[in-house]
Amino acid sequence: MLRFVVLLACLGASLARPQKRLAGDAFAVEIDKFPYQVSVYSFGNYRCSGAIISEDYVLTSVHCAAFARDALTVRAGSAQLGVAGSLHNVSEIIEHDHYGSNIKRHNDVALLRLEPKLEFDETKQPIPLTGAKVSLTEGDKGVISGWGTTGDRNLRGDIRLFAAVSVNVMSLLDCVEIYYSRFGNLSPGALCAKNERPGGAACSVIWSADDSGSPLVVDGKLAGIFSWGYKCDSPGFPSVFMEVAYYRDWIKKNSGV
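What you see is a predicted model; the values in this text were computed from it and never measured.

Hey, could you run me through the sheet that holds strand β3 (residues 45-52) in this one?
Within a sheet, adjacent strands bond to each other through the backbone by hydrogen bonds, running parallel or antiparallel. In spatial order, the strands read β2-β3-β4-β7-β6-β5; together these six strands close into a barrel with antiparallel pairing. For this sheet, the mean inter-axis angle between neighbouring strands, taken without regard to orientation, is 40°. Where strand β4 (residues 57-60) lies against strand β7 (residues 110-115), four bridges are found, and the strand directions are antiparallel. Counted as the bridge partner of Tyr57 is Arg113 from β7. Lying over the sheet, helix α4 (residues 248-255) contacts β4, β6 (86-95) and β7, oriented at roughly 30° with respect to β7.

How should I be thinking about the state of the cysteines in this particular structure?
In a disulfide, the sulfur atoms of two cysteines are covalently bonded to one another. Overall, the coordinates contain two disulfides when judged by the stated rule. Cys175 shares a disulfide with Cys192; S-S distance 2.1 Å. Given an S-S torsion of about -75°, the disulfide between Cys175 and Cys192 has left-handed geometry. Here the residue Cys175 occupies a position in helix α3 (residues 172-183), and Cys192 occupies one in strand β10 (residues 190-193), the gap between them amounting to 17 residues. We note that Cys175, like Cys192, is buried.

Sorry, what's going on with the pattern of salt bridges here?
Two side chains carrying opposite charge are able to pair once their charged atoms lie near each other. Using the criterion set out here, one finds six salt bridges in the structure. For the salt bridge of Lys33 with Asp32, the shortest nitrogen-to-oxygen distance reads 3.5 Å. By relative accessible area, Lys33 is classed as partly exposed at 21%. For Asp32, a relative accessible area of 28% translates into the label partly exposed. Across the salt bridge formed by Glu55 and Lys117, the nearest N and O atoms sit 3.7 Å from each other. On the criterion of sequence distance, the pair formed by Glu55 in the loop between β3 and β4 and Lys117 in the loop between β7 and β8 (141-149) is long-range, its members being 62 residues apart.

Whenever I open this one, the nonpolar core confuses me. Can you help?
A general trend in soluble globular proteins is that nonpolar side chains are found buried together. The biggest cluster of nonpolar side chains holds 28 residues, and the ones touching the most others in it are Phe34, Ile53, Leu59, Leu111, Phe162, Leu222 and Ile251. Only β3, β4, β8, β9 (160-170), β12 (221-228) and α4 provide two or more residues apiece to this core. When neighbours within four sequence positions are excluded, Leu222 is seen to be in contact with Ala51, Ile53, Leu59, Ile127, Pro128, Leu129, Thr130, Pro215, Leu216 and Val244. Judged by nonpolar contacts, the second largest core, of 14 residues, contains Cys48, Ile52, Leu72 and Val74.

Would you mind going over α3 with me for this structure?
Because each turn of an α-helix spans 3.6 residues, side chains separated by three or four positions end up pointing in the same direction. With twelve residues, α3 should reach 16 Å at 1.5 Å per residue; the first-to-last C-alpha distance of 14 Å falls well below that figure. Taken residue by residue, α3 has Cys175, Val176, Tyr179 and Phe183 as its buried positions. One side of α3 holds all its buried residues, which, seen down the axis, span an arc of 95°. Along α3, the residues that are exposed and aim more than 90 degrees away from the buried face are Leu173, Glu177 and Ser181. Taken together, the buried residues of α3 touch β9, β10, β12 and β13 (239-243). A positive backbone phi angle near 80° is found at Gly184, which sits one or two residues after α3.

Whenever I open this one, the side chain of Arg248 confuses me. Can you help?
Its place among the elements puts Arg248 in helix α4. Although Arg248 is buried, it makes no salt bridge; Asp249 carries the closest opposite charge, 6.6 Å away. Separated by 2.7 Å, the side chain of Arg248 and the backbone oxygen of Val257 make a polar contact. Ignoring any residue separated from it by four or fewer positions in sequence, one finds Arg248 in contact with Leu129, Thr130, Gly131, Ala132 and Val257.

Just checking my understanding: could you explain unusual backbone geometry for this structure?
When glycine is set aside, most residues are seen to have a negative phi, and most peptide bonds are trans. A cis geometry characterises the amide bond from Glu115 onward to Pro116, with omega recorded as 0°. On the secondary structure map, Pro116 appears in the loop between β7 and β8. With a phi angle near 65°, Ala84 is a residue other than glycine that sits in the positive phi range. Take Ala84: it is sitting in the loop between β5 (72-76) and β6. Even without being a glycine, Asp219 presents a positive backbone phi close to 55°. Within the secondary structure layout, Asp219 lies in the loop between β11 (215-218) and β12. On the basis of relative accessible area, Asp219 is assigned to the exposed category, the value being 73%.

Criteria and thresholds
- Residues numbered from 1 in each chain as written.
- Predicted model: local features only at pLDDT ≥ 70, side-chain atom pairs only at ≥ 80, totals over all residues.
- Heavy atoms only, no water.
- Pairing = 2+ DSSP bridges.
- Helix = DSSP H or I, 4+ residues; strand = E, 2+ residues; numbered from the N terminus.
- Axes fitted to C-alpha atoms, helices over the stretch in contact; angles between N-to-C directions.
- Contact = heavy atoms within 4.5 Å.
- Disulfide = S-S within 2.5 Å.
- Buried < 20%, exposed > 50% of the residue type's maximum accessible area, 1.4 Å probe, protein only.
- Salt bridge = Lys/Arg side-chain N within 4 Å of Asp/Glu carboxyl O.
- Core = buried A, V, L, I, M, F, W, Y, C linked by side-chain atoms within 4.5 Å.
- Expected span 1.5 Å × (residues − 1).
- Arc of directions from axis to C-beta.
- Lys, Arg positive; Asp, Glu negative; His and termini not counted.
- Polar contact = N/O pair within 3.5 Å; in protein donor to acceptor, adjacent residues only side chain to side chain.

Any link to function would need more than the numbers given here.
Written out as structure tokens, the structure reads:
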């Protein structure tokens, strides 16, 4: 745990230093700055992201895991898709019992049990989880990481680099006001981040539609898992995550973490 605390302390500094800028405010980063990040594959093709929460389990979105378990694999410890790090089979998929598969994706959280277990090092570490009683507030700052496209696909192609971007949490009330006329109320477990400019949040210009499961980290703890968005390349439409604090008891019950 001490090693991970040191890594988190370095994270803020690493984002502050000059790096390779992608679209908007995103920067290409190395996996040792985000050692909790994994990539999830179906039939060998990149599907989604996820977050390491223990040597056995990865937390991701249900719609990322909508396959037979033997169709899924998870790669940890690598910033590159499909190479390096360690590759793991999925021995069990635990989906939330009340997942709703409409556009709002209620209860969109799932656990993947890995085989073999992870061996932790500087590129593979579990991330602490936000507590069940922790409430994020408007303006709290977080970091999202994942493998998004680096710009307009029509102009630059589907080039995936491991990138990170800083975001601001927004109030659920404000998020509902934006989406209510289109989708009605959001689920109680939703957490929203502002999308203020292209490349400024998940599900924006740099983020592909299959970059669900991307972790949102606030104050060094896993606060959310990216689920869905609307008009992803248009600023003003928030990115919607499943809030870890809301699902904390479910995670504990099913993973022991």
